[in-house]
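Breakdown of the fold
Listed below, chain by chain, are the residues.
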Amino acid sequence: MPGADADAAPPAERAVGALWSYGKCLGALLPVYLAGYYGFSISLVLLGLMVYIGWKHGRMEKVMRLKSAMYLLENEREFTTQKVFRAKRDLPPWVNFPDVEKTEWLNKILQQAWPFIGQYLEKLLVETIAPAIRTSSIHLQTLSFTKVNIGDKALKVVGVKAHTEHDKKQVMLDLYLSYAGDVEINVEIKKYFCKAGVKGVQLHGKLRVILEPLIGDVPLVGAITMFFIRRPKLDINWTGLTNLLDIPGLNSMSDTMIMDAIASHLVLPNRLTIPLVANLHVAQLRSPLPRGVVRIHLLEAEDLTAKDTVIKGLIDGKSDPYAVIRVGTQIFTSHHVDSNLNPQWREMYEVIVHEVPGQELEVEVFDKDPDQDDFLGRVKVDLDIVRKARIVDDWFNLKDVPSGSIHLRLEWLSLLSSADRLSEVIQKNQNLTTKISDPPSAAILAIYLDQGYELPMRKGSKLPSPMAQISIQDTTKESKTCYGSNSPVWEEAFTFFIQDPHKQDIDIQVKDDDRSFLFGEALTQQLFAKIVLRILWLSEDVTPTTPSPRPPGSGSEAGQGGITSDLNSAGPGGLNKPQPTQPQHTTPDPEFATEVRLYGRVLRIHLLEAQNLIAKDNFMGGMVKGKSDPYVKIKVAGITFRSHTIKENLNPVWNELYEVILTQLPGQEIQFELFDKDIDQDDFLGRFKLSLRDIISGQFIDSWYTLNDVKSGRVHLVLEWLPRVSDLIRLEQVLQYQSQQSYQNKAVPSAAVLFVYVERAHGLPLKKNGKEPKAGAEVSLKGVSFKTKICERSTSPRWDEPFHFLVRDPTDETLTVKLSHSWGQALGSLTLPLKEVLSEPGLVLDRWLNLDGVLPESQILLRVVLKVLDTQLAVCRSGPVGAANDADEERVFPKWDPSHLDLRHRSGFSIASENASTAGQVKLTIGYSTEENRLFITVHSCRALAPRSKDGADPYVSFILLPDKKATTKRRTTTKRKDLNPEFNERFDFDFSLEESTQRKLYLSVKNSVSFMSREKELIGKLQLDLDQIDLKAGVAQWFDLVAETN
């Protein structure tokens, strides 16, 4: 009977038991007594009690977890028959899968050999590790392992998966490890009376073992490489002084620190390599190049769970979601979006992939809270699927939550060993901007730091403890410290992302461990390293999966979420989603770009000449008749054009062209006014008005118009109301006609009018603060730009606005559309060469177009219509009857030529006949500096000068500013010997006001420097230029033709 057994216990044992119970009660009451004795606050007592209860609770949980794991391993078959396991590592050895095989035979070997493995570990700890620890610090000189017992529970390999399809020169094994052991290790430091230890450890993880290279000699394998693909799960039961680590808060911190130590040696990208043969390049096995890089676009999420509820859940609230992205040891955290169950992040990250298959992308979503963040779901994606698909763009259901899905775009970047495509990659990256500060990478740089040689000694001839710092731009990485060695061996690899290899440098510094001493002064010092650059290339011969809206019923019930198998017809996310219902074409006004109304019609005004104008510049009170300096002002549709001024001429010839595009029938009239240019106030020379309706009805008018309100004068105009057609052949004829025309105001006639209808955009990025943008679009062509309205906050704004532009040459012009938030933060741009519109049926482009510089899904819906301006002056006419066939087919275009006027003697400009001889060209820069209040003329160079002897010429340039012939306005350059293409680059300044400068005429001569007795010609060529014809404030820099001297 139990009572009899208790009574039968020796009296000494009963006395010891009673004393022990009394001692425990006394120990429990002692803190309360001391608190009262020293006058401590009751709150301190309560705080200590709470800490003790938390420690006790955490301790009991660890013990229960350890006992449960041990019970599971001991009663595996019986437990499996009662419940269905959801994880492969929990399945019994008599259940097999085609890819993961059970290895019960290996577990039996481990169980049999476990005591001997324990003896080896005990010997290793006591004889090797303990002395190394004692010598590392004076504070640990009394450290010793008092007990080493790895227990009876052996490590179990619950599954093995072999990969032999990737490389024929290696064998790759994935070992699924599970260890729940009763290990007991005690450590004592006698100097500080400190005892600590571990009693019970749990470890679960997947260990990859690579046997490579396979060789044709014993032992058939050159080396064994081991590493954990992901951080294993670790749980440690502490004893002794380390019991304090079981206090809540310190518990997870201590386990994390130990896992960090394990990860620094055994978790990717770190590897443990054991060579089995001599003369093996271990560095290539320990630090191989990555398999590739994955660019992760974290786009958006939908239907997340609301965690910030009100009144204990009675009123649903929102969440403040953010995402944590993990690939191995690489961890990124997005910004959080306030109060939103459908957040948009629009962020991009780049991760290095070391092992595929094996590595996974894990995305966890949390709700940001002041105390502890709430879990909103997770998704895992096998990166081997991304490698095969190259681009994955899809929605994924979040697991372990009732609802929610996340939109990811994953791009696999291959590593190219050739730099042939580097410039192309850099150009593409410049068009891709993200919300994060780091731009996309064009390459990765792998640096293998091997060892140093003969580093200098420290002061006092002490051995140094060197470490290396490697820096590229703002990123710095440090190697381990090799204590007490001037020939350190690091054998470490470092990887850097490179944006532009042309602009970034590598900085490697070797320092002592206290960072106070920099090596690198002696000539005998050497550093051995291997540096490899690989270009990141996104293959363009693949089609990404089409992103689509999240379907109803997402969450853990709707699907598994994530990629765990090969791609299927439903998409890589495993979701069978409907396609988006966006319109494929625009819906503008039915009269857009049609002939129904006057929208976008072009009026062309050709100002030719005038006759019999009034002389306003009289002398001696009108007794001596002078001339006038006439110019014309043209007002139409609220726009004013002004011609250049013709000096001292009552019969001026302007030959200037103006064009105006009309959106509606404006004012019914076009007004022409002529004035005489004077220093003080311009004199009136007459006016007349034309009815716009008469021009529209006449289409083409070539006529003289009498000036009103003056005694005499008339003006010659050609007015054309241009019809519009959609004919490519007609466009070629119009362009050919225009190429033969020239006008004094340098105008180029328009060949077409371009209509642009901006309807909407989709998938625009968020602002930097996470809010939706207020988007506006700016449409530009050849310096002319229009802006849409600014929409309310939306990533899919709609404008529905039309614009129009005059196009000089559709084959050589480009339409630009820039989107921005309130004309500030850029939201993407579009560059559309008009050549693409010429290839469209009917010269109409109407579709969605991708935006550059933003997200891959950012698009804009446009309608672009090109209409050719069908001028009557470009009418084709055949050659004379009886001519050859080639002559019959020639196109003859009329060209206005004022042959009845002698323009060669006009002061403003000169027109040379086609047969006139030229003497070369001179390059000048002419302008006026408003800051210095002076006129400047720079003589740059001459080219193709006419030779003046068998040796060419010795040219120089001289000029004078008329009408002043004083020496103050006369200048000349230096002489260039025997050079028909001389370079001068000499600047000359004149202290004139802007008004005085416009009244000057430049008379320039290029001369040959000859001796007094020489018979060579001195003048090579000359130039006359009226400065009134130049915009001196803007300046002009161009080549001018030189006119040869004529007899």
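Since this is a predicted model, take the numbers as computed values, not measurements.

Moving on, we come to the sheet that holds strand β22 (residues 506-512). Each strand in a sheet pairs with its neighbour through backbone hydrogen bonds, running either in the same direction (parallel) or in the opposite one (antiparallel). Taken together, the three strands give an open sheet; going across it, the order is β20-β19-β22, and neighbouring strands pair in antiparallel fashion. The open sheet is flanked by β20 (475-478) and β22, the only strands paired with a single partner. Sheet twist, expressed as the mean angle between neighbouring strand axes with direction ignored, is 20 degrees. Where strand β19 (residues 466-472) and β20 come together, four bridges link them in antiparallel fashion. Residue pairing across strands places isoleucine 472 opposite threonine 475, the latter belonging to β20.

Here we take up the packing of aromatic side chains. By the definition in use, this model includes 14 aromatic pairs. Aromatic pair tyrosine 322 and phenylalanine 366: ring centres 5.8 Å apart, planes at 25 degrees, arrangement stacked. In this pair, tyrosine 322 is assigned in strand β11 (residues 321-327) and phenylalanine 366 in strand β14 (residues 360-367), connecting sequence segments 44 residues apart. On the basis of relative accessible area, tyrosine 322 is assigned to the buried category, the value being 12%. Aromatic side chains phenylalanine 672 and phenylalanine 688 sit 4.7 Å apart centroid to centroid with 5 degrees between the ring planes, which places their arrangement in the stacked category. Note that phenylalanine 672 is positioned in strand β30 (residues 669-676) and phenylalanine 688 in strand β31 (residues 683-691), a separation of 16 residues in sequence. A relative accessible area of 0% places phenylalanine 672 in the buried class. Judged by relative accessible area, phenylalanine 688 falls into the buried class, the value being 4%. Taken together, the ring pairs connect Phe959, Phe988, Phe990 and Phe992 into an aromatic cluster. Of note, arginine 271 hangs over the ring of phenylalanine 227, and the distance from its end group to the ring centre comes to 4.6 Å.

Let us look at the UniProt feature "transmembrane region" (unreviewed entry) in the chain. UniProt annotation of "transmembrane region" (unreviewed entry) refers to residues 36-55 and 209-229 when read in the numbering used here. The span residues 36-55 is 80% helical and 0% strand by assignment, and the distance between its end C-alpha atoms comes to 24 Å. Span residues 209-229 is 0% helix and 67% strand, its end C-alpha atoms 10 Å apart.

What follows covers the sheet that holds strand β28 (residues 639-642). Taken in spatial order, the four strands make up an open sheet running β28-β27-β30-β31, and their pairing is antiparallel. Where the open sheet ends on each side, the last strands, each with one partner, are β28 and β31. Strand-to-strand twist in this sheet, taken as the mean axis angle between neighbours without regard to direction, amounts to 15 degrees.

Our next topic: the nonpolar core. Core analysis: the biggest nonpolar cluster contains 37 residues, and Leu754, Val758, Trp799, Leu815, Leu819 and Ile860 have the highest contact counts within it. Among residues more than four places away in sequence, those in contact with tryptophan 799 are Val758, Glu759, Arg760, Ala761, Ala775, Gly776, Ala777, Thr788, Lys789, Cys791, Leu819 and Ile860. In terms of nonpolar packing, the next biggest core, distinct from the first, is built from 33 residues, Leu613, Val632, Val636 and Ile695 among them.

Take the side chain of lysine 102 next. Along the chain, the position of lysine 102 falls in the loop between α4 (76-82) and α5 (104-136). Given the relative accessible area of 16%, lysine 102 is considered buried. Here valine 158 takes part through its backbone oxygen, which lies 2.3 Å from a polar atom of the side chain of lysine 102.

Considering every residue of the chain, the mean pLDDT works out to 78; 79% of them sit at 70 or more. Low pLDDT, under 50, characterises residues 1-7; the predicted model gives this stretch two contacts beyond four residues in sequence or across chains. pLDDT under 50 marks residues 546-580. Its contacts with residues more than four places away, or in other chains, come to 77 contacts.

Now for helix α11 (residues 728-739). The α-helix winds at 3.6 residues per turn, so residues separated by three or four positions along the chain end up facing the same way. For α11, built from twelve residues, the straight-helix expectation of 16 Å at 1.5 Å per residue is met to within 8% by its first-to-last C-alpha distance of 17 Å. Among the structural elements, β24 (601-611), β34 (724-725), α12 (834-838) and β42 (859-869) are those in contact with the buried residues of α11. For α11, the N-terminal capping position is held by aspartate 727, with its side-chain oxygen 3.0 Å away from the main-chain nitrogen of isoleucine 729.

Taking 1.5 Å of rise per residue, the 27 residues of helix α2 (residues 11-37) would be expected to cover 39 Å, and the 37 Å separating its terminal C-alpha atoms lies within 8% of that figure. Along α2, the helix axis deviates most sharply at leucine 29, where the bend reaches about 30 degrees; the proline proline 31 sits within four residues downstream.

On to the pattern of salt bridges. If you walk through the whole model with that rule in mind, you get 31 salt bridges. Its salt-bridge partner being lysine 147, residue glutamate 184 comes within 3.1 Å of it at the nearest N-O pair. Linking glutamate 184 in strand β3 (residues 171-189) with lysine 147 in strand β1 (residues 143-149), this pair joins segments that are 37 residues apart in sequence. For lysine 147, a relative accessible area of 35% corresponds to the partly exposed category. Across the pair lysine 388 and aspartate 384 runs a salt bridge, and its minimum N-O distance is 3.7 Å. Taken together, the positions of lysine 388 and aspartate 384, both in helix α8 (residues 383-389) and four residues apart, correspond to about one turn of that helix. Classification of aspartate 384 as buried rests on a relative accessible area of 7%. Through salt bridges with shared partners, a single ionic network connects Asp174, Arg208, Arg271, Arg291 and Glu355.

Here is what the cut-offs are and how they apply
- Residues numbered from 1 in each chain as written.
- Predicted model: local features only at pLDDT ≥ 70, side-chain atom pairs only at ≥ 80, totals over all residues.
- Heavy atoms only, no water.
- Pairing = 2+ DSSP bridges.
- Helix = DSSP H or I, 4+ residues; strand = E, 2+ residues; numbered from the N terminus.
- Axes fitted to C-alpha atoms, helices over the stretch in contact; angles between N-to-C directions.
- Phe/Tyr/Trp six-rings, centres within 6.5 Å; stacked < 30°, edge-to-face > 60°.
- Buried < 20%, exposed > 50% of the residue type's maximum accessible area, 1.4 Å probe, protein only.
- Lys NZ or Arg CZ within 6 Å of the ring centre and 35° of its normal.
- UniProt positions renumbered as here; feature names shortened; annotations may be inferred.
- Core = buried A, V, L, I, M, F, W, Y, C linked by side-chain atoms within 4.5 Å.
- Contact = heavy atoms within 4.5 Å.
- Polar contact = N/O pair within 3.5 Å; in protein donor to acceptor, adjacent residues only side chain to side chain.
- pLDDT = per-residue confidence, 0-100.
- Expected span 1.5 Å × (residues − 1).
- Bend = angle between axes of the 7 residues up to and from the residue.
- Salt bridge = Lys/Arg side-chain N within 4 Å of Asp/Glu carboxyl O.

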